[in-house]
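# Commentary on secondary and tertiary structure
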Amino acid sequence: MDNKKIHVMAIGAHAGDMELTCGAVLTKYAMNGHKVTLVHMTSGEKGHPILSGDVYKKQKDKEANEFAGKIGAQAMILPYKDGELLDSEEVKFYVCDLIRQYKPDILITHWKNSIHKDHEATYKIVKDAVFYASIKSFQRDLSPHCIRALYFAENWEDPEDFKPYIYIDVSETYNIWIEALKSYEFIGNSPYFKYLDYYNALSIVRGAECRRERAETFAIEPLGIKQIFDYFPVK
């Protein structure tokens, strides 16, 4: 990477989604002086086995800000409800306006196929919001902004047809990322899924595939999978 500082924005359905799936990459960017913003469409407030939604929302919002603070990023929680996120034009233009306001260079979000409706909705919202944000004819209060790249993070709930295309070495930031993840109660204590075990193992597997200690992977849209050369590249 050149010395130019860029802005990476990760948009997840729930607080904790992007932290788990691309948090080590976000940590790497933040540690190297780049701007990192975590946008949570919802707090994920309905997922606690004991606490009420209102109580858990306060906890999740606090945890989201704690994680962001530990890696040197900014967290933003949008005003939508867990399990009720709609891929409506109203929500898409809300995110469009965020993109125009904060002007990220790189955007990361969920893959399109998921077992969770909020994840699929977030994919659709972000895809259209990126388009709306870039087109001048969609007249808003802020001027258009075109991102440079859109990537989709690897998530155990979004597995169908996910094909790793981009591998990023996260060996140097792994320990800092794991320590920051401890901000979230559910990541270390979920009775439903062993998050830390899964993403720890996944980082090792993806690292082995690219001959690194640890890595995180990302998909791109099929139409973007192309390399253009004048001659066959020879390594």
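Note: the structure precedes this text.
Below or above, wherever it landed, is the structure these notes cover. The residue count restarts for each chain, going from 1 along the sequence in the order it is written. Totals for whole chains, interfaces and linings use every residue, but because this is a predicted model, local features are given only for residues with pLDDT of at least 70 and side-chain atom pairs only at 80 or more, for both listing and counting. Calculated side-chain values reflect all of the structure's heavy atoms, with hydrogen atoms and water omitted.

## Thoughts on the sheet that holds strand S2 (residues 35-42)
DSSP calls a pair of strands paired once it identifies at least 2 bridges connecting them. Put simply, DSSP H or I for four residues or longer makes a helix, DSSP E for two residues or longer makes a strand, and each gets a number counted from the N terminus. Ordered by their spatial adjacency, seven strands build an open sheet running S3-S2-S1-S4-S5-S7-S6, and the pairing between neighbours is mixed. Two strands bound the open sheet, and with one partner strand each, they are strand S3 (74-80) and strand S6 (166-169). Put simply, the sheet's adjacent strands are angled 30° from each other on average, direction ignored. Pairing of strand S1 (residues 7-14) with strand S4 (residues 106-109) involves three bridges; the strand directions are parallel. When the sheet's bridge partners are listed, Met-9 is paired in S4 with Leu-107. For helices, the axis comes from a line fit to the C-alpha atoms of the stretch in contact; other axes are also lines fit to C-alpha atoms, and the angle between any two N-to-C directions lies between 0 and 180 degrees.

## Describing the layout of surface pockets
Residues are called lining when one of their atoms sits within 4 Å of a cavity or pocket point, these points coming from a 1 Å grid over the protein atoms alone, where a cavity is a set in which a 1.4 Å probe fits but cannot get out and a pocket is an open set with protein on both sides within 12 Å along at least five of seven lines. Grid points are joined across faces, edges and corners, and a volume is the space filled by probe spheres set on the points. For the largest pocket, the calculated volume is near 510 Å³. The wall of the largest pocket is formed by 28 residues, among which Gly-47, Phe-186, Ser-190, Tyr-192 and Tyr-195 lie closest to the centre. Only Asp, Glu, Lys and Arg are considered charged in this grouping, and only Ala, Val, Leu, Ile, Met, Phe, Trp, Tyr, Cys and Pro are considered nonpolar; every other residue, Gly among them, is considered polar. For the lining of the largest pocket, a count of residues per class yields eleven nonpolar, eleven polar and six charged.

## Focus: the nonpolar core
Definition used in this section: a nonpolar core is a set of buried Ala, Val, Leu, Ile, Met, Phe, Trp, Tyr and Cys residues joined via side-chain atoms within 4.5 Å. For every residue, the accessible area obtained with a 1.4 Å probe (protein chains only) is divided by the maximum for its type, and the residue is called buried under 20%, exposed over 50%, and partly exposed between those limits. In this structure, Cys-22, Leu-26, Phe-67, Ile-108 and Trp-177 are the most contacted members of the largest nonpolar core, which totals 38 residues. Put simply, the parts of the chain that give this core at least two residues each are S1, helix H1 (17-31), S2, helix H2 (53-71), S4, helix H5 (174-181), helix H6 (185-189) and helix H7 (195-209). Of the residues forming this core, the biggest block, eight residues, is contributed by H1. For Leu-26, the contacting residues outside a window of four places in its chain are Val-8, Ala-10, Met-18, Val-36, Leu-38, Ile-71 and Ile-108. Counting 29 residues, the second largest nonpolar core, distinct from the first, contains Met-9, Ile-11, Ile-125 and Ala-129. Note on contacts: a residue pair is in contact if any heavy atoms of the two residues lie within 4.5 Å.

## Overview of the packing of aromatic side chains
Aromatic pairing here means that ring centres of Phe, Tyr or Trp (its six-membered ring) are within 6.5 Å. Orientation follows from the plane angle: under 30 degrees is stacked, over 60 is edge-to-face, and everything else is tilted. Summed over all chains, the structure comprises 17 aromatic pairs. Look at Phe-131 and Phe-138: their rings are 5.8 Å apart centre to centre, the planes differ by 75°, and that puts the pair in the edge-to-face class. On the basis of relative accessible area, Phe-131 is assigned to the partly exposed category, the value being 43%. Ring centres of Tyr-198 and Tyr-199 lie 4.9 Å apart, and the angle between their planes is 85°; on these two criteria the pair is classed as edge-to-face. The exposure class assigned to Tyr-198 is partly exposed, which follows from its relative accessible area of 31%. You can call Tyr-199 buried: its relative accessible area is 5%.

## Let's talk about empty space enclosed by the protein
This structure, assessed with the given rule, holds one cavity of 30 Å³ or more. Along its surface, the largest cavity is lined by Leu-20, Thr-21, Glu-154, Trp-177, Tyr-199, Leu-202, Ser-203, Arg-206, Ala-215, Glu-216 and Thr-217. Broken down by secondary-structure element, the contributors of at least two residues to the lining of the largest cavity are H1, H7 and strand S7 (215-219). With four residues, H7 is the single largest residue contributor to the lining of the largest cavity. The residue makeup of the lining of the largest cavity, split by class, is five nonpolar, three polar and three charged.

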